[in-house]
Amino acid sequence: MGTTYQVKVVPGKVPVPDNFGKTIQSTLEELDSTFSTYQTDSELMSLNRTPVGETMSLSQPMLRVLGISDQVFQLTGGAFDPTVGPLVNLWGFGPDPSQDKVPELSKIRAQLNRIGFGKLAVDHGAASARRTADIQLDLSAVAKGFAVDVVAELLASQGLVNYLVEVGGELRTNGLKANGQPWRIAIESPTLERREVQQALALGNAAIATSGDYRNYFERGGKRYSHTIDPRTGFPITHQLASVTVIAEDTASADALATGLMVLGHTEALALAEKNDLAIYLLVKEETEFKAYYSSAFAPYLSGE
């Protein structure tokens with residue numbers, strides 16, 4: 001998935017199986033061959049090439065990720081949308097080198113016609129899907145979190161209960177560290193000069209993901225253009241929300257929610273979180289400083305300082 005991973009296991013009554021690291025590696029490689037946008041023969045890219053209206057059979061991992069994506073797409077009113085890729089590319093934040101220029105309005109409108117996760121018809125009963133329009137799916141904002149969940153399930157299947165799994169910065173913890181203390185996770189301060197801890201968290205059995213908007217952007221005419229594109233408008237976000245951290249039961253949902261809430265901005269994100277009992281922590285740029293906001297459901301995790 002173009003990133004790194006780490007798995008920490010505290011052996012208990014059940015020993016860690018021999019060569020278990022290789023098992024984890026092969027599991028992640030299999031997921032990569034499912035969700036990669038860089039491997040032309042991946043399941044995802046095969047789906048993107050399927051003729052409009054033609055049905056394609058899907059694997060269970062793909063069905064699970066598409067199901068989670070649809071839930072977050074609906075919950076955020078389309079702010080999270082795995083079909084936003086063509087707009088990201090148009091603005092110069094995709095795999096092709098950026099020219100750091102604002103696209104023509106006509107080109108933005110043309111790409112907007114290709115956006116919309118609702119244009120993918122998924123039949124979970126038949127384990128298949130078909131594109132009803134020429135959309136291009138990119139599941140990178142949920143697949144890393146899903147990979148964390150799959151590795152956590154693999155550990156649990158071996159009777160291992162104390163672990164930390166991380167893929168590309170998305171995390172899941174269970175049980176305790178070797179010293180009997182809860183796993184402690186740091187939320188990074190959104191500063192460009194150096195990496196600093198903004199907030200430490202004490203996690204029990206939880207999944208956590210963060211989406212940030214402070215390292216990838218360009219400036220033209222004195223205006224800052226974020227890499228976070230609002231799939232509903234076709235333009236970069238303009239609010240001052242710098243990062244979103246979400247704690248959830250599964251990392252895939254936390255991953256997708258962090259992306260969608262980043263698009264919404266802190267006012268809408270907090271309102272949505274309170275309405276749906278979501279545990280979120282937001283850092284908002286206010287003048288020269290970053291101010292923290294968090295939902296009621298997040299408050300219990302703030303004892304890790």
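Residues numbered from 1 in each chain as written. Predicted model: local features only at pLDDT ≥ 70, side-chain atom pairs only at ≥ 80, totals over all residues. Heavy atoms only, no water.

S.K.: Got a minute to help me understand the pairing of strand 9 (residues 206-212) in this structure?
M.R.: Consecutive side chains along a regular strand alternate between the two faces of the sheet. Most of strand 9 is tucked away: 5 of the 7 residues are buried. Sheet topology places strand 6 (residues 170-174) next to strand 9; 3 bridges connect them, and they run antiparallel. Bridge assignment links R172 to a residue of strand 9, and that residue is A207. In terms of strand pairing, strand 9 meets strand 12 (residues 241-248) through 6 bridges, oriented antiparallel. Its bridge partner lying in strand 12, G212 is registered against S243. (Buried < 20%, exposed > 50% of the residue type's maximum accessible area, 1.4 Å probe, protein only. Helix = DSSP H or I, 4+ residues; strand = E, 2+ residues; numbered from the N terminus. Pairing = 2+ DSSP bridges.)

S.K.: Would you mind going over helix 1 (residues 20-35) with me for this structure?
M.R.: Within an α-helix, residues lying three or four positions from one another point in the same direction, as the helix has 3.6 residues per turn. Helix length check: helix 1 (16 residues) gives 23 Å between terminal C-alpha atoms against 22 Å at 1.5 Å per residue, within 8%. When helix 1 is considered as a whole, its buried residues turn out to be F20, I24, T27, L28, L31, D32, T34 and F35. For helix 1, the arc enclosing every buried residue in end-on projection is 160°, short of the 170-degree limit, so these residues lie on one face. Turned more than 90 degrees from where helix 1 packs its buried face, K22 and E30 sit exposed. Here the buried face of helix 1 lies against strand 1 (5-9), helix 2 (43-49), helix 3 (60-75), helix 6 (140-157) and strand 5 (163-167). (Expected span 1.5 Å × (residues − 1). Arc of directions from axis to C-beta. Contact = heavy atoms within 4.5 Å.)

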